[in-house]
Structure formats: structure tokens, C-alpha cells
Amino acid sequence: MANKKFYYGTGKRKTSIAKVKLIPSGSGKITVNGKDVNEYLPYETLVLDLTQPLDVTNTRDIFDVEVTVKGGGFSGQTGAIRLGIARALLEYDSTTASDSENSFRKLLKPEGFITRDARIKERKKPGLKKARRAPQFSKR
């Protein structure tokens with residue numbers, strides 16, 4: 001492995017954190033926590049969701065993707081991986097001017113892949129059953 005360049009991206013969603021490593025001159029293989037992506041994620045829709053940035057930029061067969069993900073459930077982990085892949089693709093394409101017609105940023109931004117989804121679970125308040133759910137009111 002002489003002088004190989006890797007591209008890294010970190011993605012977060014809900015309570016999940018994903019560290020993504022793009023390996024150029026790959027075969028399109030995606031590995032999550034040491035397992036194949038289809039073996040790790042239970043639903044095909046989640047796999048399709050996390051590969052969207054690669055499909056939009058037509059780089060699915062160019063890179064191998066290695067992911068380490070912690071925390072949250074499958075949906076949050078998928079969102080974190082997708083953001084990490086998008087950020088790693090931006091690092092790969094950093095030499096292209098962002099206003100140029102074929103820059104990855106111009107392709108990924110309108111699809112919403114660069115934006116961090118900041119929605120997290122709201123904390124529980126005292127006197128309530130959940131964040132906003134109050135105990136049932138009884139008149140008598």
C-alpha cells in the first residue's frame with residue numbers, strides 16, 4: 001500500500017456518529033463496522049438511502065466505503081453515514097471550484113445531503129410523562 005490517499009468525512013444524526021473513509025480505485029464495496037452493508041442494515045431502503053450521495057455524483061463504482069458508526073438506531077446511523085459520505089465526497093472534490101458546473105457541491109446541495117439534520121429527542125420535563133405529554137386530567 002504505497003502512498004494511497006483516503007478521504008474522510010464525519011456525519012451525525014440523532015445520537016449516531018459515523019466516521020466514513022472513502023478509498024479510491026475501489027469496487028463499490030460498502031463496509032459498516034466490519035460487516036457488509038446489506039448484512040449490517042436490516043432494510044434495503046436504508047441501504048438505498050445511505051448510497052444516495054454516491055449515486056447522485058456517479059461515483060458508486062469508484063470508491064470503497066469503510067464506516068465506523070456508534071450510537072442510535074438504524075435510521076439515525078443511516079443518516080449519519082449518508083452525511084459522512086457526502087462530506088468525504090466534498091473533500092475528494094475540493095480541487096474543483098465550488099461554482100463550477102460539475103462540482104459535487106452543486107450536485108449534493110440541492111438534494112440536501114450536505115445539511116446536518118439537527119433534530120434530536122427533546123428532554124423530559126418534570127411533572128410530565130414525556131417531553132410534552134401531561135398526565136391525564138381528571139375533573140373529579
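Structural notes, computed from the coordinates. Note that the structure is a prediction, hence the values are computed from the model and not measured.

We now examine the pattern of salt bridges. Here the structure, examined in full by the defined rule, presents six salt bridges. The shortest N-O distance in the salt bridge between arginine 60 and aspartate 55 comes to 3.3 Å. Given a relative accessible area of 32%, arginine 60 falls into the partly exposed group. Salt-bridge contacts for glutamate 122 lead to lysine 125; the nearest nitrogen and oxygen are separated by 2.5 Å. The exposure class of glutamate 122 is partly exposed, given its relative accessible area of 37%. Since its relative accessible area comes to 24%, lysine 125 is described here as partly exposed. Here the salt bridges do not stand alone but share partners, grouping Arg13, Asp117 and Arg119 into one network.

Close contact between helix α4 (residues 74–92) and helix α5 (residues 104–111) brings their axes to 10 Å; oriented N to C, the two are set at 160°. Taken together, the axis directions place α4 and α5 in an arrangement best described as roughly antiparallel. Viewed along their axes, α4 and α5 form a crossing whose handedness is left-handed. Residue-level inspection shows Ala86, Leu89, Leu90 and Tyr92 of α4 in contact with α5, the latter providing Phe104, Arg105 and Leu108. Of the residues in the contact of α4 with α5, the class split is six nonpolar, no polar and one charged.

The rules we used
Residues numbered from 1 in each chain as written. Predicted model: local features only at pLDDT ≥ 70, side-chain atom pairs only at ≥ 80, totals over all residues. Heavy atoms only, no water. Salt bridge = Lys/Arg side-chain N within 4 Å of Asp/Glu carboxyl O. Buried < 20%, exposed > 50% of the residue type's maximum accessible area, 1.4 Å probe, protein only. Axes fitted to C-alpha atoms, helices over the stretch in contact; angles between N-to-C directions. Helix = DSSP H or I, 4+ residues; strand = E, 2+ residues; numbered from the N terminus. Parallel < 35°, antiparallel > 145°, perpendicular 65-115°, else oblique. Left-handed = near helix turned anticlockwise from the far one by under 90°. Contact = heavy atoms within 4.5 Å. Nonpolar A, V, L, I, M, F, W, Y, C, P; charged D, E, K, R; others polar.

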